[in-house]
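# Report on the structure
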Amino acid sequence: MEFKAYLAEKIAGALREAFDASVDGIPGFLETPHNPEMGDFAFPCFRLSKALRMAPPAIAGKLSERIAPDPVIERVECVGGYLNFFLHKTGYAQSIVERVLEQGERYGSSDEGQGRVICIDYSSINIAKRFHIGHLSTTMIGNALYKIYEHLGYKCVGINHLGDWGTQFGKMIAAYRKWGSPEQVEQGGVNALTELYVRFHKEAETDPALEDEGRLWFKKIEDGDPEALRIFNKFKEITLKDAQRVYDMLGVQFDSYAGESFYNDKMQPVIDELREKGLLKESQGAYVVDLEDEGMPPCLILKKDGATPSATRDLAAAFYRKKTYDFYKDLYVVAYQQDLHFRQWFKVVEKMGYDWAKDLEHVAFGMVSYEGRALSTREGYVVYLDELLTRAVEKAREIIEEKSPNLADKDKVARQVGIGAVVFFDLFNNRIKDIDFRWERVLNFDGETGPYVQYTHARCCSVLAKAGELSAAPDYAALDNAQAQEVVRSLERFPELVREACQRNEPSLLTRFTVELASNFNRYYYENRILTEDAAASAARVNLTAATASCLRTALGLIGVEAPEKM
């Protein structure tokens, strides 16, 4: 049963009887009180006060008189301006637990997104540069959003908008031809490319002619020179091969790797349209779209030398995606420092007269520091993601060796726990907050961490393995206690949280939910014996345990974290 829908019907009926009135959106008004003593659900009557011209407590009193107890509702109480509903505990627990078990991994899913496409632009690594910790948030937030939207029936298109354009690639080709070799870059990978790039800049300090040579090779890339493209594409191949190792470790996939270079031949039509619509203005030799009336600096479309900045490429990409995928939303998972950039070119699309400008959304996130220090490529303080993940797995392996020396398949579990801990830590706080990555917090088996939640899931699995097959019909009266009801309330909230995480593009809602559910189950586990002589009561408690394991597994899966069965 959808309890909110049921209660909303009762409230709607009471409104008609008491006030001859109707209100839209009642299910959305219903709240879950933090204190269970205030009921299972609460309806705030403050929202009705203006329309009904009556004080909220008086409204609550009149509504309560017209909502009688029934097989679902045990009683209704008025507290201040709230109408508090208390449900029959046994029926409530049975309904939620059996729904979770019946739906399994589809619990919390829906078909609300059927026929709608969501484009998600995330990770967006740079060619010829190693994958570092600064790319962790965009990669994992994007990956989680992909899974969340998909869970709600949307068709998702994951796009890795590669940074594969600019004069730096001409410089790299020049360096490669002067000092590199196929064997060197094949064996050294991205590190070899980085070394060549560093050497180019060092040599250019005493030989400025190298800069001209770099620009020349980039011009050859732009003009489609076969030799330049062959070397350039080899650099891309090496970078993606290196990045794929990290993506495989994280369990991340993409549907498109169309990067900046893909839009070379797709920008001119956008520029022409801007000119035709009178939006393109000359400014000191460059061409811009004036946004002064929007309180923003002008959006640069063409530089003085005719080159195109990122805004022009982003415009071309958006038009291509709309034409190719006809998206319902186009999300850009990019750090908050780029907020102005996105607001500018989103506004350009709007000024061009396209109503789908409202479907473009910048999903901003905070910066990542490591052990209290800001990352800086120039200062040489960079934490490479593959090394971080490998270290996390090694640390998890050491902890497992200490705590569970007889555990089977330790390497697999160490990978699940180590990588899961990093992902969980990254997605735990509201995405706009900055993150300081610290080992003592990441791999802690207590508190609000990935290992804590994973261990709770493994604990549930252990109970289920010990219980085996139970033949008795469950007696859900065994769940009529405070600890069990807290677990049931958490389970009941999950579908609503999935929808909210989708609406707000906020995976941390689900990350935090797993801690809430795990904490509530652990309290229940310590206060109640699950397997007793009473077979029917045991069956109900085992079902609650199975529902908890299933919901934890689903929630962790939606944020890209695996759930080991043993730890």
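The preceding data block contains the structure.
Okay, so let's go over this structure. Just so it is clear, the model here is predicted, and its values are computed rather than measured.

On the surface, Tyr336, Met367 and Ile432 cluster together to form a nonpolar patch covering roughly 240 Å² of accessible area. Ile432 sits in the partly exposed class, given a relative accessible area of 41%.

All right, on to the sheet that holds strand β8 (residues 299-302) then. On the basis of which strands lie adjacent, the open sheet formed by 3 strands has the order β6-β7-β8 and antiparallel pairing. Each having just a single partner strand, β6 (280-283) and β8 make up the two edges of the open sheet. Across the sheet, the mean angle separating the axes of adjacent strands is 45° when strand polarity is ignored. In the sheet, strand β7 (residues 286-289) pairs with β8 via 3 bridges, with the strands oriented antiparallel. What sits directly across from Val288, in β8, is Leu300.

Pairing of side chains with opposite charge becomes possible as their charged atoms draw close. Across all of its chains, the model carries 42 salt bridges by this definition. Residue Lys266 pairs with Asp265 through a salt bridge whose shortest N-O separation is 2.9 Å. Note that Glu273 and Lys277 form a salt bridge whose closest N and O atoms lie 2.7 Å from each other. Linked through salt bridges whose partners overlap, the residues forming this network are Arg130, Asp242, Arg245, Asp386 and Glu387.

Moving on, we come to the side chain of Asp70. For Asp70, the location among the structural elements is in the loop between α4 (56-65) and β2 (73-79). At 2.4 Å, the side chain of Asp70 and the side chain of Tyr6 are in polar contact. For Asp70, the side chain forms a polar contact with the main-chain nitrogen of Val72, separated by 2.8 Å.

This part is about the sheet that holds β2. Spatially, the 3 strands line up as an open sheet ordered β1-β3-β2, and their pairing is antiparallel. Each edge of the open sheet carries a strand with a single partner, namely β1 (41-44) and β2. The average undirected angle you get between the axes of adjacent strands in this sheet is 20°. Alignment of β2 against strand β3 (residues 82-87), held across 6 bridges, turns out to be antiparallel. Along β3, the bridge assignment pairs Arg75 with Phe86.

Another point: the packing of aromatic side chains. Evaluated as defined, the whole model comprises 33 aromatic pairs. Their ring planes at 90° and their centres at 5.0 Å tell us that Phe262 and Tyr263 sit as a pair that is edge-to-face. Taking the relative accessible area as the measure of exposure, Phe262 reaches 33% and is therefore partly exposed. Ring centres 5.1 Å apart and planes at 35° place the aromatic pair Phe494 and Phe513 in the tilted group. Of this pair, Phe494 sits in helix α18 (residues 482-504) while Phe513 is found in helix α19 (residues 508-527), placing the two residues 19 residues apart along the sequence. For Phe494, a relative accessible area of 0% puts it in the buried group. On the accessibility criterion, Phe513 (1% relative accessible area) is buried.

Parameters at a glance
Residues numbered from 1 in each chain as written. Predicted model: local features only at pLDDT ≥ 70, side-chain atom pairs only at ≥ 80, totals over all residues. Heavy atoms only, no water. Patch = residues over 30% accessible without salt bridge, like charges linked within 9 Å, V, L, I, M, F, W, Y side chains within 5 Å. Areas by Shrake-Rupley, 256 points an atom, 1.4 Å probe, with all protein chains shown as cover. Salt bridge = Lys/Arg side-chain N within 4 Å of Asp/Glu carboxyl O. Buried < 20%, exposed > 50% of the residue type's maximum accessible area, 1.4 Å probe, protein only. Pairing = 2+ DSSP bridges. Helix = DSSP H or I, 4+ residues; strand = E, 2+ residues; numbered from the N terminus. Axes fitted to C-alpha atoms, helices over the stretch in contact; angles between N-to-C directions. Polar contact = N/O pair within 3.5 Å; in protein donor to acceptor, adjacent residues only side chain to side chain. Phe/Tyr/Trp six-rings, centres within 6.5 Å; stacked < 30°, edge-to-face > 60°.

None of the figures reported here should be taken as evidence of function without further support.
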